[in-house]
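Residue strings, one per chain:
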Amino acid sequence: MKHSFSKTLKWSTSIAVITLVLAAIFTVVSSFLLNGVSWAIGMGIVFLIVLTGVFFDIVGVASTAAKEVPFHAMASERVPGARHAIIITRNADRVANFCNDVIGDISGIVSGTASAAVVVELTLSMGNQSGTNLEYLISIIFTSVVAALTVGGKALGKSYAINHSTFIIFQVGRLLYFLEEKLRIKLLSPAKKEKKRR
């Protein structure tokens, strides 16, 4: 039990540090992209951030819903990506934590900050000063639309992820295989102890 708590604490600390770094990177990149662009392009960037959150949410849900068995059959035939898909399913809790909580929450926070910048730019482009009633109205409408797209997108994504978990995780496995074999970028390591096959 003590070992389990120590392992959990180590993972929690690591994910907190990763979140700190990624949040800073997301914020810097989004601020750089939004600097000096029109409100239309800014709106596109906001929607791209929302889609990023939805995409990772789908991967996180799929990782918890997928079964190992189909991937073992693929791995026995040396299908590229199958071994990585097995690693993902065996570490579903961590994958889901990273995709849903870390990337998902960061995307939500950054999209909110970016939305505020877009609202100000849109207000100024219409010949109004910041802090007017028009800005307040635009802020309500735009924030509501972003929230609706985020929640609606994740709701649809969860349903798709549950029903197509094997396909999704296999595609992610293939991507990780490509990164590892072609670009020498290794993002996953095999678990020390294999879980019992489902």
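Parameters and conventions
- Residues numbered from 1 in each chain as written.
- Predicted model: local features only at pLDDT ≥ 70, side-chain atom pairs only at ≥ 80, totals over all residues.
- Heavy atoms only, no water.
- Helix = DSSP H or I, 4+ residues; strand = E, 2+ residues; numbered from the N terminus.
- Buried < 20%, exposed > 50% of the residue type's maximum accessible area, 1.4 Å probe, protein only.
- Phe/Tyr/Trp six-rings, centres within 6.5 Å; stacked < 30°, edge-to-face > 60°.
- Core = buried A, V, L, I, M, F, W, Y, C linked by side-chain atoms within 4.5 Å.
- Contact = heavy atoms within 4.5 Å.
- UniProt positions renumbered as here; feature names shortened; annotations may be inferred.
- Axes fitted to C-alpha atoms, helices over the stretch in contact; angles between N-to-C directions.
- Parallel < 35°, antiparallel > 145°, perpendicular 65-115°, else oblique.
- Left-handed = near helix turned anticlockwise from the far one by under 90°.
- Nonpolar A, V, L, I, M, F, W, Y, C, P; charged D, E, K, R; others polar.

Turning our eyes to something else, we now look at the environment of Ala96. Along the chain, the position of Ala96 falls in helix α5 (residues 92–125). Accessibility expressed as a relative area gives 13% for Ala96, which makes it buried.

Take the packing of aromatic side chains next. Applying the stated criterion across every chain yields a total of 2 aromatic pairs. An angle of 50° between the planes, with centres 6.2 Å apart, marks the rings of Phe47 and Phe142 as tilted. Taken together, the positions of Phe47 in helix α2 (residues 39–65) and Phe142 in helix α6 (residues 133–163) put the pair 95 residues apart, joining distant regions of the chain. Relative to Phe56, the ring of Phe55 lies with its centre 5.5 Å away and its plane at 85°, an arrangement referred to as edge-to-face.

A separate point is the nonpolar core. General note: in soluble globular proteins, nonpolar side chains tend to be found buried as a group. The biggest cluster of nonpolar side chains holds 37 residues, and the ones touching the most others in it are Phe71 and Ile169. Those elements that place two or more of their residues in this core are α1 (2–34), α2, α4 (82–90), α5, α6 and α7 (165–181). Per element, the largest residue contribution to this core is 10 residues, and it comes from α5. In contact with Ile169, not counting residues within four places along its chain, are Val59, Ala62, Ser63, Ala66, Phe71, Ala85, Ile88 and Thr89.

According to UniProt, the "transmembrane region" (unreviewed entry) feature falls on residues 12–33, 39–62 and 136–155. Regarding residues 12–33, the helix share stands at 100% and the strand share at 0%, and the terminal C-alpha atoms are separated by 31 Å. Strand forms 0% of residues 39–62 and helix 100%; the C-alpha atoms that close the span are 35 Å apart.

What follows concerns the packing of α2 against α6. In the contact formed by α2 and α6, the axes pass within 8 Å of each other and the chain directions differ by 25°. With respect to each other, α2 and α6 are oriented roughly parallel. The element α2 and its partner α6 pack so that their crossing is right-handed. Every residue of α6 that contacts α2 at Met43, Val46, Phe47, Val50, Gly53, Val54, Asp57, Ile58, Val61, Ala62 and Ala65 is listed here: Phe142, Val146, Leu149, Thr150, Gly153, Lys154, Gly157, Lys158, Ala161 and Ile162. Here the residues of the contact of α2 with α6 are counted per class, giving 14 nonpolar, 4 polar and 3 charged.

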